[in-house]
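Okay, here's what each chain looks like letter by letter:
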Amino acid sequence: MIQFEIDQWQAWAPGLVSTDDWTDWARDPCELESGDAQPDVSFLPAMQRRRLSRLARMVFAVATPLAAGRPAMPLVYASRHGETTRTFAILNDLAGEEPLSPTQFSLSVHNAIIGLWSIQQQDTSEMTSLAAEGDGLEHAVLEATLLLGEGAPEVLVVVAEDQPPTVYAPWINDVSFPYAVALLLKPGRAWQLSLGTAEPTPTSAAHPHAINLIRALLNNKPTLQNQWGSRQWNWQQTH
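Analysis parameters
Residues numbered from 1 in each chain as written. Predicted model: local features only at pLDDT ≥ 70, side-chain atom pairs only at ≥ 80, totals over all residues. Heavy atoms only, no water. Salt bridge = Lys/Arg side-chain N within 4 Å of Asp/Glu carboxyl O. Helix = DSSP H or I, 4+ residues; strand = E, 2+ residues; numbered from the N terminus. Buried < 20%, exposed > 50% of the residue type's maximum accessible area, 1.4 Å probe, protein only. Pairing = 2+ DSSP bridges. pLDDT = per-residue confidence, 0-100.

Following the criterion strictly, the structure yields 8 salt bridges and no others. Here Lys-186 and Asp-7 are joined by a salt bridge, their closest N and O atoms 3.9 Å apart. Of this pair, Lys-186 sits in strand β5 (residues 179-197) while Asp-7 sits in strand β1 (residues 2-12); the two residues are 179 residues apart in sequence, bridging distant segments of the chain. On the basis of relative accessibility, which here comes to 22%, the residue Lys-186 falls in the partly exposed class. Its salt-bridge partner being Arg-54, residue Asp-162 comes within 2.8 Å of it at the nearest N-O pair. Here the residue Asp-162 occupies a position in the loop between β4 (155-161) and β5, and Arg-54 occupies one in helix α3 (residues 54-67), the gap between them amounting to 108 residues. A relative accessible area of 13% means that Asp-162 is categorised as buried.

As a further point, take the pairing of strand β6 (residues 223-228). What you see with β6 is a clean split: Leu-224, Asn-226 and Trp-228 sit on the buried side and Thr-223, Gln-225 and Gln-227 on the side with no burial. In this antiparallel pair of consecutive strands, β6 and strand β7 (residues 231-237), the connection spans 2 residues, and Gly-229 shows a positive phi of 65 degrees.

In low-pLDDT segments, the atomic positions of the prediction should not be examined closely. Overall, the prediction assigns the protein a mean pLDDT of 91, with 98% of residues at 70 or greater. When the elements of the protein are averaged for pLDDT, helix α5 (residues 102-106) gives the smallest value, 82, and strand β2 (residues 75-78) the largest, 98.

Put into structure tokens, the structure is as follows:
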């Protein structure tokens, strides 16, 4: 069991940008949209914006408000599929015997986004990129609490997934809409997270674990259970 405090959060999905948007959705959840919506990252220099994929823009959109005005802090980023769209474009170029773009390749690796974040924030704190399964939220929070235990006063956790190209649909069924969630974690006992086991279930769910957590926070639910396969993660608010 691990314990921590969720000091602040930010989330983005198509059509859900502000806290009011998320509050309305949490009260009456509907199917979230897919499509080509992009988060607003107009706060970034134009040169940098042009280099960012939608996945990277989502990460910057939710992480920046939590980091603004705060000292440098470690970041834990989790994504199961990462920059699949960039990778698919590279594979298409290979198949067509086209020359590969070094920039496209360098930005396709799983830790590219946190590298861009470190540069933009001028933050040399420890940063971790996890290639997690559908319970990447819980693994990221576990990693963050280890950093808190080592003395970090606060840690930023970001979980994000973009919709992969449709060609992957037969193999990827756990991302029906793009989303990003950022949590600012601090030492404390307000929340505890423990791992149990359960009968295995299909590895897909109506909503990602991170979105389930946002809904629980907005509805003041003191408990939450997220399951992936046989792993059952038990969230409990202690006060």
